[in-house]
Number of protein chains: 2
Amino acid sequence: MPAKPASEATPKRLLAKQLREQELLTLAQHILQQDGFAGLTMDRLTALSSVSKGTIYNHFCSKEDLFTALSVDSLQRQLQLFARALQIPGHSREQVLALHLAYHQFSMTEPTLFLCLLTANTPGVIEKSSPSRLALRQQLEMQLVTICQQLIAQAIAEGSLQLPAKQSLDALAFVQWAQAFGSNALFKPTQQLGLFGQLEPQSTMLLGINLLLDGLNWKPLSKEWDYHASWQRMMTALASEPLLADGQTN
Amino acid sequence: MPAKPASEATPKRLLAKQLREQELLTLAQHILQQDGFAGLTMDRLTALSSVSKGTIYNHFCSKEDLFTALSVDSLQRQLQLFARALQIPGHSREQVLALHLAYHQFSMTEPTLFLCLLTANTPGVIEKSSPSRLALRQQLEMQLVTICQQLIAQAIAEGSLQLPAKQSLDALAFVQWAQAFGSNALFKPTQQLGLFGQLEPQSTMLLGINLLLDGLNWKPLSKEWDYHASWQRMMTALASEPLLADGQTN
DNA sequence: AAAATTATTGACGATTCGTCATTCTAGAAC
DNA sequence: GTTCTAGAATGACGAATCGTCAATAATTTT
């Protein structure tokens, strides 16, 4: 047998495949926002796509795996938004605010993707997703958390924040994350929220963040600074800022 | 046509039906914790139960409706735990802590039920559940939130807490709820949590609560009181306390 | 006890998932 | 340019699951 170089990496095939995968994902999103989650069927996806069912199953090992893939997409979008949010000037506590805002904006402007994120966190979906894709998702989540940790570390370094006794950076990042996740999940798009229906998401969310950061004694405190103004300013900044294209060096 | 009394309310049939429904729900739980969410099938539930498929569909209009029913069960259990937690003596801030602890304990000791709660919050499930059961769930959630609100109102009345300017009771309850929900969801049973794997749930959760309540200036502050001790004390209290039976007047 | 109303059954149709033998394609070897 | 081959694509098919409904049984009413 001739020493075949194994051909391991398919040269340009890979690109086409990734491209098509993205195409399938956006198509799935369209179906979701048009017909709801009950309307997303593999057969339907097949019918509306340009490829056959077999090919689709060549991308996603199950319908649930498709959901996990959508959640990965979701996280990537979120990562982009985080990057943009961090470019808004402001002191460290304002930057935390910017991240929370970006998260919130994402959940509001991309309800479908956000709901995919929630769905993909469900045991029924996890059980039937491919391990590799689950790992990918976890890696992306880690990137997001790392951003938060860096922000906290930076605040400590510059002196606007002191690490509480016996606590880790991780713990602080977790608390922030939990707060943001919980708030956005409860304010979730669908369902007119009988529970907290009369609450205004924006200011309630800001309240939670302020309480948390005040509790941490993260300077300047909410009594020393108008974070409502900061929130407003950042909202317009995030909305208007020309999103820098993907692979752009600068 | 003879004036039929409509027979509206079936006298004792209802009891039997409710009893059987509970039986089906616990059976479904057993299947879930034994074979995972992928293993729960209507046919399988039928096979293991003493009734036929038709009868089961006479209780739950779809498989998703069954999940919503499980989440209702979950909330009822949680309500019980809240009641018990409130009986533990302590000042108002300790009582808030007790509620958080009860929530956390529930998510840890009844992982399956908690996961049902998460699953039932998913659009795919909501879309296919019966409106009446969704309403029931919402009502129970409302009860839980009301308990939180009362606690806050009481603290304000007795002077250990002041309502922040321009904020409502609802908003404060929401923030607490979001924090608790987020933390427990992220520390969810399944999946060894690569993100926050090395974190110790207990103390991290306590940290979050303390930050929030300190931010609210809810007395006594965490620097003036050993809430870690309170947490420990309540944990044993919750674990050991003889659970008062359901319909017991006292 | 007969009639009438309500509940139960489980076989069946319909839907959806996921597979696999076959067909096709793109590039390597000659 | 032709042949060869590894891998990709296809879509008909089998399997699994959902949910229904005509027939039957149980219970209440008269």
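Provided above is the structure to which this section pertains.
For clarity, every value in this text was computed on a predicted model and none was experimentally measured.

A.B. asks: Please explain the relation of the copies chain B and chain A as it appears in this structure.
C.D. replies: Applying a rotation about an axis and a shift along it to one chain copy brings it onto the other copy. The transform that puts chain B on chain A rotates by 180 degrees and translates by 0.0 Å along the axis, for an RMSD of 0.0 Å. Classification of the inter-copy transformation places it as that of a two-fold axis. When the interface residues of chain B are mapped onto chain A, 100% of them again fall at the interface, so both copies present the same face.

A.B. asks: Teacher, can you tell me more about the protein's contact with DNA strand C here?
C.D. replies: Around DNA strand C sit 17 residues, and of these K53 and Y57 of chain A together with R20, S52 and T55 of chain B come closest. Considering DNA strand C, the proportion of its atoms within 4 Å of the protein that are sugar or phosphate atoms stands at 68%. Here Y57 of chain A contributes a side-chain N or O atom positioned 2.8 Å from a phosphate oxygen of DNA strand C. Contacts to DNA strand C include K63 of chain A, whose backbone N or O atom sits 3.1 Å from a phosphate oxygen. Taken together, the elements giving at least two residues each to the surface near DNA strand C come down to α2 (42–48) and α3 (53–59) of chain A together with α1 (13–35) and α3 (53–56) of chain B. Counted by class, the surface near DNA strand C contains three nonpolar, six polar and eight charged residues.

A.B. asks: For this particular structure, what's the right way to read the interface of chain B and chain A?
C.D. replies: Size of an interface: often given as the accessible area lost when the parts come together. Contacts between the two partners involve 51 residues from chain B, matched on the other side by 51 residues from chain A. Note on chain B versus chain A: buried area summed over both sides is about 4300 Å², and carbon and sulfur give 72% of it. On the surface where chain B and chain A come into contact, there are zero salt bridges. On the surface where chain B and chain A come into contact, there are four residue pairs in polar contact (both at pLDDT 80 or more). Only α6 (111–120), α7 (123–127), α8 (131–158), α9 (169–186) and α10 (201–215) of chain B provide two or more residues apiece to the side of chain B that touches chain A. The element best represented in the side of chain B that touches chain A is α9 of chain B, accounting for 14 residues. Its residues assigned to classes, the side of chain B that touches chain A shows 26 nonpolar, 18 polar and seven charged.

A.B. asks: Got a minute to help me understand the pattern of salt bridges in this structure?
C.D. replies: Two side chains bearing opposite charge may form a pair once their charged atoms approach each other closely. Residues and elements named next belong to chain A. Evaluated as defined, the whole model comprises 14 salt bridges over all chains. R133 serves as the salt-bridge partner of D65, at 3.2 Å between the closest nitrogen and oxygen. Remark: R133 occurs in helix α8 (residues 131–158) and D65 occurs in helix α4 (residues 63–86); sequence separation between them is 68 residues. Owing to a relative accessible area of 1%, D65 belongs among the buried residues under this scheme. Under the relative-accessibility criterion, R133 is labelled buried at 12%. Bridged by salt links that share partners, the residues E21, D65 and R133 form one connected network.

A.B. asks: Is there a simple way to think about the packing of aromatic side chains in this case?
C.D. replies: The way to describe two aromatic rings as a pair is by their centre distance and the angle between their planes. As enumerated under the stated definition, the model contains 13 aromatic pairs over all chains in all. Aromatic side chains W225 of chain A and Y227 of chain A sit 6.4 Å apart centroid to centroid with 40 degrees between the ring planes, which places their arrangement in the tilted category. On the numbers, 6.5 Å between centres and 70 degrees between planes, the contact of F82 of chain B with W177 of chain B is edge-to-face. Highlighted residues: F82 of chain B in helix α4 (residues 63–87) and W177 of chain B in helix α9, separated in sequence by 95 residues. The class for F82 of chain B is buried, based on a relative accessible area of 1%.

A.B. asks: Please explain α4 of chain B as it appears in this structure.
C.D. replies: Residue pairs spaced three or four apart in an α-helix point in one direction, given the helix's 3.6 residues per turn. The terminal C-alpha atoms of α4 of chain B lie 37 Å apart, and with 25 residues this matches the ideal 36 Å at 1.5 Å per residue to within 8%. Counting buried residues along α4 of chain B, 18 of its 25 residues qualify, which places the element largely inside the surrounding structure.

A.B. asks: Could you clarify how one ought to interpret the nonpolar core in this entry?
C.D. replies: The nonpolar side chains of a soluble globular protein tend to be buried with one another. Ranked by internal contacts, the top residues of the largest apolar core, which has 150 residues, are F82 of chain A together with F82 of chain B. Residues within four places of F82 of chain A in sequence aside, it is in contact with L99, A102, Y103, L144, I147, C148 and W177 of chain A.

A.B. asks: Looking at this structure, how should I read helix α5 (residues 92–109) of chain A?
C.D. replies: Taking 1.5 Å as the rise per residue, α5 of chain A with 18 residues should run 26 Å; its terminal C-alpha atoms sit 25 Å apart, in good agreement. Burial analysis of α5 of chain A places 15 of its 18 residues in the buried class, the great majority of the element.

Scoring rules and cut-offs
Starting afresh in each chain, residues are numbered from 1 along the sequence in its written order. As they are written, the chains are lettered A onward and the ligands numbered 1 onward, keeping that order. With pLDDT at 70 or above as the cut-off, local features in this predicted model cover only qualifying residues; side-chain atom pairs require 80 or more to be listed or tallied, and sums for whole chains, interfaces and linings still use all residues. As a rule here, side-chain values cover all heavy atoms of the structure and leave hydrogens and water aside. When the copies are superposed, the least-squares fit takes in the C-alpha atoms of residues with a pLDDT of at least 70 in both. Contact criterion: two residues are considered in contact whenever any of their non-hydrogen atoms come within 4.5 Å of each other. Think of it this way: one heavy atom of a residue within 4 Å of a molecule or strand is enough to make that residue near it. Between N or O atoms, a polar contact is any pair within 3.5 Å; within protein, one atom must be a potential hydrogen donor and the other a potential acceptor, and residues adjacent in sequence are included only when both atoms are from side chains. Working definition: helices are DSSP H or I runs of at least four residues, strands are E runs of at least two. Numbering for both runs from the N terminus. Under the grouping applied here, Gly and all other residues not named as nonpolar or charged are polar, the nonpolar ones being Ala, Val, Leu, Ile, Met, Phe, Trp, Tyr, Cys and Pro and the charged ones Asp, Glu, Lys and Arg. Each of two parts loses accessible area, computed with a 1.4 Å probe, when they are put together; buried area is these two losses added. A side-chain nitrogen of Lys or Arg and a carboxyl oxygen of Asp or Glu constitute a salt bridge if their distance falls within 4 Å. Each residue is placed in one exposure class: buried if its accessible area under a 1.4 Å probe, protein chains only, is under 20% of its type's maximum, exposed if it is over 50%, and partly exposed if it falls in between. Put simply, two rings from Phe, Tyr or Trp (the six-membered ring, in Trp's case) pair if the centres are within 6.5 Å, and we call them stacked under 30 degrees between planes, edge-to-face over 60, tilted for the rest. What a helix is expected to span follows from its residue count: subtract one and scale by 1.5 Å. Here the nonpolar core consists of buried residues drawn from Ala, Val, Leu, Ile, Met, Phe, Trp, Tyr and Cys, with membership extended through side-chain atoms lying within 4.5 Å.

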